Amino acid sequence: MVYSEEYTNLDVDNVFKEITYDEFMNMFEHLETGIVLLGGAWCKNAQIIVPYANTLAKKKGLDVIYNFDLKYENELGRQGDLRTGTSLDHRMEYFNIAEKTGIQSDTVVENTMMPRIPSPTFIAIKNGTTVGYFTAKYIHDEMTEKLELSSEDMLDFAVKFTELVDLIKGDNRFDI
């Protein structure tokens, strides 16, 4: 994926790196450290926050923010969503993500008791353990065309993002 083509207002020189489900799970299994974005360009909240996250990441000295998109393309080229996946494999992947990240939610996935993982959610993983996360939901009406943050929302995001970075920064295996 070329992030600067998918996200409005994102620099060509950005810190985002797409990862697969297996690569995401390996972060836990191999005791890795980093920031992961759960979400994709299809989400208006991700559209407004990704360029800002890129700027903050560079200021904080991060070389990479990993991105795992909760949507997938099936064998027929149709897009699906792990959060409502109908196959057992997709439901198991979603369950594993919810379990490993510890994400809590007031809403559950249709026909399950698993918490619904909102997009975009930023996760801090340190030594293979989730040490923090937050959801960057600033657009409450998905039909709106306005894709910009207010000053208060920018400050709120900056504080939360900085807290995540600070949680992982002490690990010498993290390239900063």
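Before reading further, recall that the structure is shown in the block above.
Model, not experiment: these values are computed from the prediction.

Visitor: Is there a simple way to think about the overall build of the protein chain in this case?
Guide: Scanning the protein chain from N- to C-terminus turns up five helices and seven strands. Listing every helix and strand of the protein chain by position from the N terminus yields α-β-α-β-α-β-β-β-α-β-β-α. Residue burial in the protein chain is summarised as follows: out of 176 residues, 46% are buried. Excluding contacts between residues fewer than 6 apart, the proportion of contacts in the protein chain whose partners are at least 24 apart in sequence is 68%. Surface summary for the protein chain: the accessible area is close to 9500 Å², and the carbon and sulfur share equals 48%.

Visitor: Would you take a moment to explain a negative patch on the surface for this structure?
Guide: Residues Glu-5, Glu-6, Glu-18, Asp-22 and Glu-23 make up a contiguous surface patch of negative charge. By secondary structure assignment, the location of Glu-23 is in helix H2 (residues 21-29).

Visitor: Is there a simple way to explain the pairing of strand S3 (residues 65-68) in this structure?
Guide: Here is the key point about a regular strand: its side chains alternate between the two faces of the sheet. Neither face of S3 is left uncovered, since the one carrying Ile-65 and Asn-67 and the one carrying Tyr-66 and Phe-68 both have all their residues buried. In terms of strand pairing, strand S1 (residues 16-18) meets S3 through three bridges, oriented parallel. Across the sheet, the residue bridging to Phe-16 is Ile-65, located in S3. Note: strand S2 (residues 34-38) against S3, three bridges, orientation parallel. Bridge pairing in S3 links Leu-37 to Asn-67. Taking the sense of rotation as the criterion, the β-α-β connection linking S2, helix H3 (residues 44-59) and S3 turns out right-handed.

Visitor: How do you make sense of the sheet that holds strand S6 (residues 121-126) when you look at a structure like this?
Guide: The strands that make up a sheet are held in pairs by hydrogen bonds between backbone atoms, and each pair lies either parallel or antiparallel. Here five strands make up an open sheet; going across it, the order is S1-S3-S2-S6-S7 and the pairing mixed. Two strands close off the open sheet at either side, each with one partner strand: S1 and strand S7 (129-135). Between one strand axis and the next, the sheet turns through 30 degrees on average, direction left out of account. Of the strands in this sheet, S2, S3, S6 and S7 touch helix H4 (residues 88-101), which is tilted by about 100 degrees from S7.

Visitor: Help me out: how do you make sense of the packing of aromatic side chains in this one?
Guide: The description of an aromatic ring pair uses the distance of the two centres, along with the angle that the planes make with each other. According to the stated counting rule, one finds eleven aromatic pairs in the structure shown. Geometrically, the ring pair formed by Phe-122 and Phe-134 is stacked, given 5.6 Å between the ring centres and 20 degrees between the ring planes. With a gap of twelve residues between them, Phe-122 in strand S6 and Phe-134 in strand S7 connect regions that are remote in the sequence. On the basis of relative accessible area, Phe-122 is assigned to the buried category, the value being 0%. Seen in terms of ring centroids, Phe-122 and Phe-161 are 5.8 Å apart; in terms of plane orientation they differ by 90 degrees. Their pairing is edge-to-face. Of the two residues, Phe-122 is situated in strand S6 and Phe-161 in helix H5 (residues 151-168); the sequence distance between them amounts to 39 residues. Taken individually, Phe-122 and Phe-161 each receive the classification buried, so the pair is uniform in this respect.

The rules behind these values
- Residues numbered from 1 in each chain as written.
- Predicted model: local features only at pLDDT ≥ 70, side-chain atom pairs only at ≥ 80, totals over all residues.
- Heavy atoms only, no water.
- Helix = DSSP H or I, 4+ residues; strand = E, 2+ residues; numbered from the N terminus.
- Buried < 20%, exposed > 50% of the residue type's maximum accessible area, 1.4 Å probe, protein only.
- Contact = heavy atoms within 4.5 Å.
- Areas by Shrake-Rupley, 256 points an atom, 1.4 Å probe, with all protein chains shown as cover.
- Patch = residues over 30% accessible without salt bridge, like charges linked within 9 Å, V, L, I, M, F, W, Y side chains within 5 Å.
- Salt bridge = Lys/Arg side-chain N within 4 Å of Asp/Glu carboxyl O.
- Lys, Arg positive; Asp, Glu negative; His and termini not counted.
- Charge placed at Lys NZ, Arg CZ, Asp CG, Glu CD.
- Pairing = 2+ DSSP bridges.
- Right-handed = clockwise from strand over helix to strand, strands pointing away.
- Axes fitted to C-alpha atoms, helices over the stretch in contact; angles between N-to-C directions.
- Phe/Tyr/Trp six-rings, centres within 6.5 Å; stacked < 30°, edge-to-face > 60°.

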